[in-house]
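Listed below, chain by chain, are the residues.
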Amino acid sequence: MFKRLFTFLVVVSIANTSIAQDFEPKDYFTKEFHANRREALRNSMPESSVMAVFAFPMRNFSNDVDYLYHQNPDLYYFTGYKEPDAVLFIFKDAQTDDKGNTYKELFFVQKRNPMQESWTGKRLGTEGVKEKLGINMAFNGSDFKDFPVDLSKFTNIIYSLPPDLVMAKSETVNLAGLVNSFLRKANISLDQTTNVNTARRTYYKLTGQLREIKTPEETTMLRKAVEISCQGQNEVMKAAHANMSEFEIQGLHEFVHKKYGAENVGYGSIIGAGENGCILHYVTNTKTKVGNSLILMDVGAEYHGYTADVTRTIPASGKFTADEKLIYQIVYDAQEAAFKTLKDGSSFAAASNAANEVISEGLFKLGIIKDKKDYRKYYTHGLGHHIGLDVHDRAATNKLLKNMVITIEPGIYIAPNSDCDKKWWGMAVRIEDDVLITQDGYELLSSFAPRSIADVEKKMAEKSALDNFKLPVLKSK
Ligand SMILES: [Mn+2]
């Protein structure tokens with residue numbers, strides 16, 4: 001990492017560099033996809049309305065280093081733009097500017113800056129946005145402050161302010177500046193919390209209605225993210241052994257994701273060996289040896305913005321013990337029971353009831369609970385959720401409809417010192433799969449990684465390329 005102190009030494013402009021063959025991914029969404037999403041939104045907007053979609057803020061990691069930037073999924077959905085400091089306006093009706101031109105959207109984006117770009121990466125700028133993203137009414141963020149548009153005249157101003165935004169005192173072109181100019185042009189005071197909350201509810205409703213039903217293009221993207229995640233699970237199943245660390249297993253998953261071109265993970269990877277699996281969002285992954293316990297691995301590749309969410313629980317030794325099999329089979333059967341309820345028009349409630357019954361009955365039969373109602377002691381979370389651009393994707397209805405993509409993820413977690421025979425203590429099993437709801441049922445998108453006891457053990461018996469991968473012992477203490 002170079003220090004910015006040396007910025008003055010670098011007088012290289014990468015702004016106009018043209019490369020014959022760029023080897024960049026060719027399977028991003030088309031500009032038509034995003035235009036179509038904006039049009040679908042416009043059709044669902046109320047009369048006399050404008051919607052503002054802000055970029056997410058950058059977040060600081062340390063000193064002059066920021067976290068890897070992640071765009072607001074809504075802005076990505078409507079534009080394909082991946083840079084910070086931007087705001088998109090979508091108007092219900094065509095607007096006319098003072099020259100008599102009409103427009104239905106305005107997009108204010110990061111200004112080109114060759115010096116900055118030589119440090120932090122290429123920017124599309126207004127020309128790039130017009131050419132690559134097909135949004136013709138693109139302007140520099142610095143133009144928004146004095147841009148002749150009166151947002152206060154609309155009956156419905158729909159927006160959700162960026163999360164965790166640090167508002168700068170001075171008027172600038174960064175995100176805080178765009179928010180300030182927006183509030184002024186729309187005549188909104190943040191003290192009117194009822195109005196702010198109403199605007200956000202409408203924003204979530206409209207974006208949720210669109211995003212909960214996946215287009216064919218989105219399903220293609222999700223299929224890829226899910227298959228990649230499954231291949232990560234498969235490689236770990238082949239390579240796993242008792243001396244591996246949780247970190248190492250995380251690294252193997254994420255290496256496989258990147259090998260297939262997935263840019264990121266959709267959430268912090270959860271690798272919980274033994275009792276660590278009982279911590280639902282365990283992401284520290286610090287255990288240096290997984291030992292001969294179960295390893296719960298909840299890991300999702302993010303491919304071009306779309307994230308999978310797949311969990312497999314495997315025995316580090318390659319073979320489940322008799323007791324582990326008993327717990328695992330209950331979770332598996334609960335998942336199967338939930339799957340059977342799925343089809344267009346079904347509900348999470350029906351799927352949950354089916355899974356709950358299997359878990360309750362199973363724990364009761366093993367004597368882990370004395371009263372069937374107590375199954376919630378060992379299964380403390382919901383059955384599933386939508387996935388998409390967010391791992392917990394936004395939805396507007398409780399119904400499960402054709403072309404929704406959801407997870408089904410029952411689990412049993414028996415923490416040490418639980419009120420049951422101690423032979424069960426420290427056992428945690430979750431099986432999580434991603435399914436596409438179809439007219440008459442569902443399609444299991446995550447069928448690429450084994451789920452049943454026999455299939456997991458079979459996969460684990462396969463050879464791994466890592467069996468012969470040896471790094472030198474470190475010289476440092
Ligand atoms: Mn999940």
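Residues numbered from 1 in each chain as written. Predicted model: local features only at pLDDT ≥ 70, side-chain atom pairs only at ≥ 80, totals over all residues. Heavy atoms only, no water.

The name an unreviewed UniProt entry assigns to the chain is Xaa-Pro aminopeptidase, from the organism Pedobacter polaris. UniProt lists a comment for the chain under the heading Catalytic activity (unreviewed entry), and it reads "Release of any N-terminal amino acid, including proline, that is linked to proline, even from a dipeptide or tripeptide." Listed under Cofactor (unreviewed entry) in UniProt, the entry text for the chain is "Mn(2+)". (UniProt positions renumbered as here; feature names shortened; annotations may be inferred.)

Asks: Sorry, what's going on with the side chain of Q110 here?
Replies: Tracing the chain through its elements places Q110 in the loop between strand 5 (102–109) and helix 3 (114–120). Polar side-chain contacts of Q110 include one of 2.8 Å to the side chain of E83. Of the polar contacts made by the side chain of Q110, one reaches the side chain of R123; its length is 3.5 Å. Other than its neighbours up to four places away in sequence, Q110 contacts Y81, E83, P84, D85, R123, G125 and N140. (Helix = DSSP H or I, 4+ residues; strand = E, 2+ residues; numbered from the N terminus. Polar contact = N/O pair within 3.5 Å; in protein donor to acceptor, adjacent residues only side chain to side chain. Contact = heavy atoms within 4.5 Å.)

Asks: Got a minute to help me understand helix 1 (residues 31–44) in this structure?
Replies: Count 3.6 residues to each turn of an α-helix, and residues three or four apart come out pointing the same way. With 14 residues, helix 1 ought to run about 20 Å at 1.5 Å a step, and its terminal C-alpha atoms sit 20 Å apart, in line with that. Turning to helix 1, its buried residues are F33, H34, R37, R38, A40, L41 and R42. (Expected span 1.5 Å × (residues − 1). Buried < 20%, exposed > 50% of the residue type's maximum accessible area, 1.4 Å probe, protein only.)

Asks: Hey, could you run me through the coordination of the manganese ion in this one?
Replies: Any two of four tetrahedral donors ideally make an angle of 109.5 degrees at the metal, while pairs among six octahedral donors ideally make 90 or 180 degrees. The coordination sphere of the manganese ion, as far as protein atoms go, consists of D309 (OD), H385 (NE2), E409 (OE) and E432 (OE), spread over 2.0 to 2.3 Å. One chain supplies every donor for the manganese ion, spaced along it as D-x75-H-x23-E-x22-E. Pair noted here: H385 is in the loop between helix 10 (348–365) and strand 15 (399–400) and E409 is in the loop between strand 16 (405–408) and strand 17 (411–414), with a separation of 24 residues, a long-range link. The burial state of H385 is the same as that of E409; both residues are buried. (Donors = N, O, S within 2.8 Å, 3.2 Å for Na, K, Ca; no water.)

Asks: Looking at this model, I keep getting lost on the confidence of the model for the chain. Mind explaining?
Replies: Regions with low pLDDT should not have their predicted coordinates read in detail. Per-residue pLDDT for the chain has a mean of 94; in total, 95% of the residues score no lower than 70. In this model, residues 5–16 is a region of pLDDT below 50 whose contacts with residues beyond four sequence positions or in other chains number 14 contacts. (pLDDT = per-residue confidence, 0-100.)

Asks: What am I meant to see in the pattern of salt bridges here?
Replies: Think of it this way: side chains of opposite charge can pair up when their charged atoms draw near. Within this structure, the stated rule accounts for 24 salt bridges. Across the pair R112 and E117 runs a salt bridge whose closest N-O atoms are separated by 2.8 Å. Between K459 and E462 there is a salt bridge, and its shortest N-O distance comes to 3.4 Å. Overall, K459 belongs to the buried group, its relative accessible area being 19%. (Salt bridge = Lys/Arg side-chain N within 4 Å of Asp/Glu carboxyl O.)

Asks: Any chance you could explain the sheet that holds strand 5 here in plain terms?
Replies: Backbone hydrogen bonds are what pair the strands of a sheet, in a parallel or an antiparallel way. Spatially, the five strands line up as an open sheet ordered 6-5-4-1-7, and their pairing is mixed. Two strands in the sheet have a free side with no partner beyond their single neighbour: strand 6 (138–140) and strand 7 (156–159). Averaged over all neighbouring strand pairs, the angle between strand axes comes to 20°, with direction disregarded. Looking at chain direction, strand 1 (residues 49–54) and strand 7 are connected through four bridges and run parallel. Within the sheet, the bridge partner assigned to M51 lies in strand 7 and is I158. Across the sheet, helix 1 touches strand 1, strand 4 (87–96) and strand 5, and the angle it forms with strand 4 is around 60°. Helix-sheet contacts for helix 5 (residues 175–185) involve strand 1, strand 4 and strand 7, and the interaxial angle to strand 1 is about 165°. (Pairing = 2+ DSSP bridges. Axes fitted to C-alpha atoms, helices over the stretch in contact; angles between N-to-C directions.)

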